[in-house]
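Inside the fold
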Amino acid sequence: MPKPTVDYSVYLVTDSTAAVLGPGRTVPEVVGAAFTNSPKGSIGIVQLREKNSDARTMLATLAELHAFTGPAGAPLLVNDRVDVAVAAMARGHCEGVHLGQEDIGVATARRMLGDDAIIGVTASTVDEAVAACRDGADYLGLGTVFATPTKTNTKHVVGTTGIQRMLKAMAAAGYGHIPAVCIGGINTSNARRVIFQGGYLPLPEEEDEEAAGTTEATGTTGASTVAQRNTGKKLDGVAVVSAIMSAADPGAASTLLADEVRLGKTEGPTKFYKSTSSIHGSAVTSSPLSGSPSTSTVQRILRALNDTTPLSHNMTNLVVQNIAANIALAVGASPIMSNSGKEAADLARLPASALVINMGTVTAESLANYVQAIRAYNAAGRPIIFDPVGAGATVVRREAVKTIMSAGYIDVIKGNEGEIQTVYLSGLSDEERTKAEAGLAQQRGVDGGNTLDAVARSRLVRRLAAREKCVVVLTGEVDYVSDATGERMATVAEGHPMLGQVTGTGCSLGTVLSATVAAAATASIREATPQRADKVNDPFSAVIAGMLLFERAAARAASQPVVKGPGSFVPVFLDELSRCRRMAAQGDMSWASD
Ligand code: 3NM
Ligand code: MG
């Protein structure tokens, strides 16, 4: 009998401890409620995980659980205990076992349980993942994604980039067909982005490099192996404990999780906002645009900015607050300067809100506030702009970057060369970092001293964007912008040196971007067709629209005779921002093309 195909999208792992289950509830009750009160298929597979139970109790529980899982066609596995699995399988109450790295090995378990048994393995490193596949695992559980109170003795918290690394290694070793779920701290509010962001997708040039490496290593015979295209590897689902076992309504939680995982799989990087998918349905597919957005798209986004009054929530330092708030007002946004993480949930729920995190003055306290705010904005499906100010300067800031990047999904990262480099390096393993640092050092331009050349800059931006699946902006004399796939790339070179002479203008660009991205996401709801909505609800286009507005207004201001220096520049810049935005809203884009 061939093994049934399993839907790994939502994988329920049980836990009978009171802290997880809540008082007066039992595992069979909660699992029963999860199955009975959710559409069939919401939960695809279940694992009984009991760390302190005897075999006989476990057998009894498996019998109870199988009454729900069996009719639903969801395999029921048992954690660690191959002996219990043998007995329960003989009774028809169990379909396999899930093994940790300290348990009986896959090959032995296979001989004990037979070919029909489903055997899964937990992996938290690249080597463990590849070895488990080689030994014959039917699926892998990858983790720990996020630190979780449910299991505190986990070996590594790897974040979504760690998951990507393991998926990449699986694909490279020829195990791309083996299903993989991830585990640790996943719930209804982050499942969508974990599925989307945890998947590994190579950049076209990364394939080339790896192919070139293969040819070199294997000499003349290598040519034939190059043809094997690395198509990447997605996650098949999420494994959760508390998201369902602790839920007041386990059925509703299961239903929502199944929906979120489906959306994470089907939605492209530009489809991250709950609002549009629920309006236009999930059948919308994004057709890749190439290069910069058209003037008419920019114009529609700026009109949206004018019509929407997005709320720009800035978590930023004292020096920048005043000018950022004034610039927000000038572009038609409503600024809120609040550094309190506790307020974020309320603010995220306001219409057309977006968050700017400016890491300028990072302390343990501000970092905790950022993390709380990121979670709130992710949960509300609202955009986040991250400005990693001075990221590379100190150990404290480098660590803060890691914490922020693993706290949730960021929509846009904006920084100068050093900052973007730091964010890129912070997501690599030690070994990869050493290699990347050597590569970056080589690519420094001869005349530019401490700066990367144009090719290296654009590659850096695209790589970071593709890895984090977000828009990345590297600012400089020429600004480089990549979309969230690393495939669309644009440069903007319209700014003015005067911007560098006034404090807070760089940070305020983040504020403008929050306004255009938020406005674009909201405005797409009003577009007549899904295709049009797609073009407007595109953070990449929205970022370019915001940059164009910002830089053009600065250039126009600086060229006016009344502007004698940085002091007189600021008020005229505010005037120009406001004027250009209003002109765009009226269909006049002449300011953007002279
Ligand atoms: N295994 P929750 S983390 C059972 O990293 C388990 O291997 C983990 O619980 C691993 O969904 C974990 O409540 C607990 O965060 C996951
Ligand atoms: Mg175990």
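Once a new chain begins, its residue numbering starts again from 1 and follows that chain's sequence as written. All chains are assigned letters beginning with A, and all ligands numbers beginning with 1, in the order in which they are written. Selection of residues for local features in this predicted model requires a pLDDT of at least 70, selection of side-chain atom pairs for listing and counting requires 80 or more, and totals for whole chains, interfaces and linings are taken over all residues. Calculation of side-chain values draws on the structure's entire complement of heavy atoms; hydrogens and water are dropped beforehand.

With an unreviewed UniProt entry as reference, the protein is termed Hydroxyethylthiazole kinase, source organism Ophiostoma piceae. UniProt positions are given in the numbering used here, feature names are shortened, and annotations may be inferred rather than shown by experiment. Within the UniProt record for the protein, the comment given under Cofactor (unreviewed entry) is "Mg(2+)".

So, about the pairing of strand β4 (residues 96-99). Each residue is placed in one exposure class: buried if its accessible area under a 1.4 Å probe, protein chains only, is under 20% of its type's maximum, exposed if it is over 50%, and partly exposed if it falls in between. Runs of H or I in DSSP of at least four residues are treated as helices and runs of E of at least two as strands, each being numbered from the N terminus. Of the two faces of β4, the one holding Gly 96 and His 98 and the one holding Val 97 and Leu 99 are both buried throughout. If the strands point away from the viewer and the path from the first strand over the helix to the second runs clockwise, then the crossover is right-handed. Handedness of the crossover is the feature at issue here: the chain leaves strand β3 (residues 76-79), passes through helix α4 (residues 82-90), returns alongside β4, and the resulting connection is right-handed. Here the rule is simple: two strands pair whenever DSSP picks up at least two bridges between them. Looking at chain direction, β4 and strand β5 (residues 118-123) are connected through four bridges and run parallel. By the bridge assignment for β5, Gly 96 is matched with Ile 118. The handedness of the β4 to β5 crossover, carried by helix α5 (residues 106-113), is right-handed.

So, on to the site of ligand 1. As a structural note, the neighbourhood of ligand 1 is formed by 14 residues, with Thr 144, Thr 148, Thr 150, Gly 185 and Ser 242 the closest of them. Within the side chain of Thr 144, one N or O atom sits 2.5 Å away from an oxygen atom of ligand 1. Here a polar contact is taken to be a pair of N or O atoms separated by no more than 3.5 Å, where protein atoms must pair a possible hydrogen donor with a possible acceptor and residues adjacent in sequence count only if both atoms sit in side chains. One of the side-chain N or O atoms of Thr 148 is found 2.6 Å from an oxygen atom in ligand 1. Areas reported here follow the Shrake-Rupley algorithm with a probe of radius 1.4 Å; residue values treat only the protein chains shown as occluding. Notes on ligand 1: free accessible area 420 Å², of which the protein chains cover 95%. Each residue gets one of three labels, nonpolar for Ala, Val, Leu, Ile, Met, Phe, Trp, Tyr, Cys and Pro, charged for Asp, Glu, Lys and Arg, and polar for the others, Gly among them. Its residues assigned to classes, the shell around ligand 1 shows three nonpolar, nine polar and two charged. Proximity is defined per residue: if any heavy atom of the residue lies within 4 Å of a molecule or strand, that residue is considered near it.

On to the packing of aromatic side chains. Here a pair means two rings of Phe, Tyr or Trp (six-membered ring of Trp) with centres within 6.5 Å. Their orientation is stacked below 30 degrees between planes, edge-to-face above 60, and tilted elsewhere. Going through the model one piece at a time under the given rule, you end up with five aromatic pairs. Measuring from centroid to centroid gives 5.2 Å for Phe 550 and Phe 573, while their planes differ by 85°, and the two rings are edge-to-face. With a gap of 23 residues between them, Phe 550 in helix α24 (residues 539-558) and Phe 573 in helix α25 (residues 566-585) connect regions that are remote in the sequence. Owing to a relative accessible area of 4%, Phe 550 belongs among the buried residues under this scheme. We classify Phe 573 as buried; its relative accessible area is 2%. Among the aromatic side chains, those forming a connected cluster through ring pairs are Tyr 8, Tyr 11 and Tyr 139.

Time to look at the pairing of strand β10 (residues 334-337). Where strand β9 (residues 311-315) lies against β10, four bridges are found, and the strand directions are parallel. Across the sheet, residue Ser 312 finds its bridge partner in β10, namely Pro 335. Note that the unit made of β9, helix α15 (residues 318-330) and β10 has a crossover that is right-handed.

The subject of this paragraph is the coordination of the magnesium ion (ligand 2). In this structure, Asp 80 (OD) and Asp 103 (OD) serve as the protein donors to the magnesium ion (ligand 2), at separations of 2.0 to 2.7 Å. In this pair, Asp 80 is assigned in the loop between β3 and α4 and Asp 103 in the loop between β4 and α5, connecting sequence segments 23 residues apart. Of the residues examined, Asp 80 reaches a relative accessible area of 22% and is grouped as partly exposed. Residue Asp 103 is classed as partly exposed on the basis of its relative accessible area, which comes to 24%. Metal sites are built from N, O and S donor atoms within 2.8 Å, or 3.2 Å for Na, K and Ca, and they leave out water, so they may look incomplete.

A word on the side chain of Gln 299. Looking at where Gln 299 falls in the secondary structure, it is placed in helix α14 (residues 295-308). You can call Gln 299 buried: its relative accessible area is 16%.

Moving on, we get to the sheet that holds strand β13 (residues 412-415). Each strand in a sheet pairs with its neighbour through backbone hydrogen bonds, running either in the same direction (parallel) or in the opposite one (antiparallel). As summarised here, the arrangement of the eight strands in space is β10-β9-β11-β12-β13-β14-β15-β16, forming an open sheet in which the pairing is mixed. The open sheet is flanked by β10 and β16 (489-492), the only strands paired with a single partner. Ignoring which end each strand starts from, the neighbouring axes of this sheet average 20° apart. Two strands pair when backbone bridges link them, and strand β15 (residues 479-482) and β16 are joined in this way by four bridges, in the antiparallel orientation. Counted as the bridge partner of Ser 482 is Met 489 from β16. Residues are treated as being in contact if the distance between any of their heavy atoms lies within 4.5 Å. For helices, the fitted axis covers only the stretch in contact; all axes are lines through C-alpha atoms, and the angles between them, taken along N-to-C directions, range from 0 to 180 degrees. Packed onto the sheet, α15 meets β9 and β10 and runs at close to 160° relative to β10.

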